[in-house]
Amino acid sequence: MPQEDHTRLRPGAYVRTSEWDAVFAEERLRARARAVAGRVTAPGSAFCRMTAAACHRLPVYRWRSDRVDMVCARPHTRRNGRDVLRHQEPLPEQDVVLIDGIRVTSLDRTVYDVIRTASMETALVVYDAALRKLAWNEATRSYDGAKAAEFRALVGARIIRGAGARGIRRARFLAGIADGRAQLPGETITRLWMRQLGVPEPELQYRIDFPDGTFALLDLAWPALGRWVEFDGAFKLTDEDVMGGRTAAEVSADQQKREDRVRRLTGWRCDRHGFERMPSIDAFADYLRSIGLL
């Protein structure tokens, strides 16, 4: 019998509670998928929707992680359970990939399913992240528009074939604004809510070249307005890849130095916010009015 410091994922599958509490929703969904996979996956089925997104290492924004989604091409004898939600839909084998030995819908099928069925915020975060996964080169800090266009075409073809399906109008809208230059979910939600509130469309990862040959990429910029906005998520102060061996204080100091250099060169205004300004779209609208962007 597991001790009290274990969390039950499903009958016979447990994880240390301390480890469970320390991971994000993506890892929780992957853990649940691994716990479920051996017993209930079979030809004609695969993990799908947000569970597949997590398996593809895409961010799971504001999504419950206590149940996994599976698509079954044929009627399934088992009912939905506390840990599995089954969807009976067509599933060609070309729509299935193996990730860590687990059957999962392909990246483009996953994105298509998510932008039809999840909230706009959750779905756009997934689509942006999928594009970034394929088209963003962190070494050169550049975006491959051709690779992004290839993937967008795959998803777009599914949208065309799915005319009349549930959520297809929302899918068309999100497919039209998805952009893999967004680094963090907060940047994606900022852009989406600004669009919904009527703020002029920003330029993402706008490049500022310094005289010494270095450059800075601004999260969201309005060159004609002479201003830019940075999303300062906790990610930037906790992710080891972003921090590069620096302390949180050093990262913050480097951010300030970068901002000062851009302002000296351009004369533009910079505003910063994080999720503390975004408990709701109405609260975010109040913030945008306070800084003169709305």
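Before reading on, note that the structure itself is shown above.
To start, this report covers the structure provided alongside it.

1. Thoughts on the pattern of salt bridges
Then, in step 1: The final tally for this structure, using the stated rule, is 24 salt bridges.
Then, in step 2: Two residues, Arg103 and Glu93, come together in a salt bridge whose shortest N-O distance is 2.9 Å. Of this pair, Arg103 sits in strand β7 (residues 102-105) while Glu93 sits in the loop between β5 (84-88) and β6 (96-99), placing them 10 residues apart in sequence.
Then, in step 3: Note that Arg272 is salt-bridged to Glu259, the shortest N-O span being 2.7 Å. Taken as a pair, Arg272 in strand β13 (residues 269-273) and Glu259 in helix α10 (residues 248-266) lie far apart in primary sequence, 13 residues in all.
Then, in step 4: Among the ionic contacts, a cluster of salt bridges with common partners joins Arg49, Glu89, Asp95, Asp108, Arg109, Asp113, Arg116 and Arg158.

2. Quick look at the pairing of β6
Strand residues, when the strand is regular, have side chains that alternate between the two faces of the sheet.
Then, in step 1: Relative to β7, β6 runs antiparallel, the two being bridged by 4 bridges. Bridging across to β7, Val97 finds its partner in Val104.
Then, in step 2: Counting the residues in the hairpin turn of β6 and β7 gives 2 residues, including Asp100, whose phi is positive at 55 degrees.

Rules of the game
- Residues numbered from 1 in each chain as written.
- Predicted model: local features only at pLDDT ≥ 70, side-chain atom pairs only at ≥ 80, totals over all residues.
- Heavy atoms only, no water.
- Salt bridge = Lys/Arg side-chain N within 4 Å of Asp/Glu carboxyl O.
- Helix = DSSP H or I, 4+ residues; strand = E, 2+ residues; numbered from the N terminus.
- Pairing = 2+ DSSP bridges.

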